[in-house]
Amino acid sequence: MAPVVAIVGRPNVGKSTLFNRICGERKALVDDTPGVTRDRLYARAKWNGKPFVLVDTGGLEPGSKEPLLAQIRRQTEMALQEADVLVFVLDASTGVMPSDRDAAELLRRSGKPIYYVVNKVDGPKQEVLATEFFLLGASRLYPISALHGRGISELLDDLTQGFPEETGDPPLAIGEPIKVAVLGRPNVGKSSLLNRLCGQERALVSPVPGTTRDTVDTVVRWHGKPFMLVDTAGIRRRSKVEASIERFSILKALRSLERCHVALLVMDAVEGPTDQDAAIGRQILDASKGCVLLLNKWDVVPKEKRVHEEMIGRVRQKLPHLEFAPVLTISALTGLRVDRIFRLVEEVFSACGKRIPTSELNKRFREWIESYSPPAPKGRRVKLFYITQVGVHPPTFVVFTNHPEGLTEAYKRYLVRKMREEFDFSGATIRIHFKERGRKR
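Model, not experiment: these values are computed from the prediction. Numbering of residues starts from 1 in each chain and follows the order in which that chain's sequence is written. Thresholds applied to this predicted model are a pLDDT of at least 70 for local features of residues and 80 or more for the giving and counting of side-chain atom pairs; totals over whole chains, interfaces and linings are not thresholded and use all residues. Computation of side-chain values: all heavy atoms of the structure, hydrogens and water removed.

With that settled, consider the packing of aromatic side chains. Geometrically, a pair of aromatic rings is defined through the distance of the ring centres and the angle of the planes. Two rings from Phe, Tyr or Trp (for Trp, the six-membered ring) form a pair when their centres are within 6.5 Å of each other. A pair whose planes differ by under 30 degrees is stacked, one over 60 is edge-to-face, and the rest are tilted. All chains considered together, the criterion is met by twelve aromatic pairs. Measuring from ring centre to ring centre gives 5.1 Å for Tyr-372 and Tyr-411, while their planes differ by 55°; the resulting arrangement is tilted. On the criterion of sequence distance, the pair formed by Tyr-372 in the loop between α11 (358–371) and β13 (384–391) and Tyr-411 in helix α12 (residues 409–423) is long-range, its members being 39 residues apart. By relative accessible area, Tyr-411 is classed as buried at 0%. On the basis of an interplanar angle of 80° and a centroid distance of 6.2 Å, the ring pair of Phe-397 and Phe-425 is categorised as edge-to-face. In this pair, Phe-397 sits in strand β14 (residues 396–401) while Phe-425 sits in the loop between α12 and β15 (431–436), placing the two residues 28 residues apart along the sequence. We note that Phe-397, like Phe-425, is buried. Put simply, the rings of Trp-222, Phe-227 and Phe-342 pair up and form one aromatic cluster. Stacked on the ring of Phe-425, the Lys or Arg Lys-354 has its end atom at 5.4 Å from the ring centre. A helix here means a DSSP run of H or I that spans at least four residues, while a strand means a run of E at least two residues long, and both kinds are numbered starting from the N terminus. Each residue is placed in one exposure class: buried if its accessible area under a 1.4 Å probe, protein chains only, is under 20% of its type's maximum, exposed if it is over 50%, and partly exposed if it falls in between. A ring has a charge above it when a Lys NZ or an Arg CZ is no more than 6 Å from the ring centre and no more than 35 degrees off the ring normal.

Spelled out as structure tokens, the structure:
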């Protein structure tokens, strides 16, 4: 197993900038606002052929009593337990702070190897100032500039010196994990659901909207099968997004959607489906992803007669573009029906990868055409010759016709609906393209 390296330190010392520098990509949010990184953020990295897992953490404030900061500290402490090596980031521009001393003591008690990294050292003047950090008990300091890349190579050379080289052995899991993005408006219970699915306090949970800002990938197993869960920042209307940091969070959430196989759209069952839920659903559809609709907080919904049927009806009415997605009422708090989610995800993933034999597909295709002929715009008859499947994830089909422009959106929806009825593409987005074919002679 690859060694785990945790980047720790008080807020706003440049931990996320260092994380991004080592990863070679902008994976963590970087901003000059203290407390930007809240949950643990993981990434695989490699240096000189030696792989390791890098963990970015929230600001470590050992003495803080503020509830949210206390939760951030708890997340950081959990990262310390997981880590094999600690990179303690300090700020040359501020010098040694009381919280640095407290953090150093906490890190020493962990018994893990500690690399004291003094960030924001951009020249000889800052190098001289950096020597002050020997007061923390460090035997060696690593002066760096995470922003400009100064001193990073030397740090990584020493950091990975004892790490095992990549063996090239295949992963223990059979096949790649199904990637599942957890999407929804702020404060609908996405992080609580992730924690319930993982069986541990994996993501920070708070009733404050906007708590989750980074995407957090977690691999879990269900009946021996791997699933990668991505908890994302809640997506709000653009008009509601004021701070640049939250705008980037939303961008990361949508990028998580791009790289997933199946999206879980979490909605508030008490409030019911909203226009913003419908907008997120449109994003899922546009990305051509499989989808499962989850109505969370079902434990506090009044148990009146036919309330379940009425709520499902409201979902179908508000999100007609996702009429193909299964709907499940759950409670992340109590665990109600949460055990059914993985089975639904597996079924939707299977539907997204389904291939229909061409002969069987065209047999049904001819029946659909005979039952409901395509329209004849301006008196020009539209002929549909045959259909073939050209891809999966999403299931993609090409219909050859003499007049692609003559097909109405209603008729296209008719073909998609018949395809779902016949071949059970539950939860899968279906794409049909119409291509012109010359008249037979």
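Attention now goes to the side chain of Asn-296. Tracing the sequence through the fold places Asn-296 in strand β11 (residues 290–296). Excluding anything up to four places from it in sequence, Asn-296 contacts Val-188, Gly-189, Val-266, Met-267, Asp-268, Ala-269, Val-270, Ile-330, Ser-331 and Ala-332. Contacts are residue-level and defined by heavy atoms, with any inter-residue pair within 4.5 Å sufficient.

Turning to the sheet that holds β14, a few remarks are in order. Pairing in this open sheet of three strands is mixed, and the strands run β13-β14-β15 from one edge to the other. Single-partner strands in this sheet number two, and they are β13 and β15. Averaged over all adjacent pairs, the angle separating strand axes in this sheet is 25°, with direction ignored. Looking at chain direction, β14 and β15 are connected through six bridges and run parallel. Its bridge partner being in β15, Phe-397 is matched across the sheet by Ile-432. Between the N-to-C directions of two axes lies an angle of 0 to 180 degrees, each axis being a line fitted to C-alpha atoms and, for a helix, fitted only over the stretch in contact. Packed on one face of the sheet, α12 meets β13, β14 and β15 and runs near 125° to β15. Strands qualify as paired when DSSP identifies two bridges or more between them.

The next subject is unusual backbone geometry. Note the cis peptide between His-393 and Pro-394, where omega equals 5°. Within the element layout of this structure, Pro-394 appears in the loop between β13 and β14. Residue His-223 is not a glycine yet carries a positive backbone phi of 50°. Positionally, His-223 belongs in the loop between β8 (216–222) and β9 (225–231). According to the relative accessible area criterion, His-223 is exposed, its value standing at 63%.

Shape descriptors only; they carry no functional weight alone.
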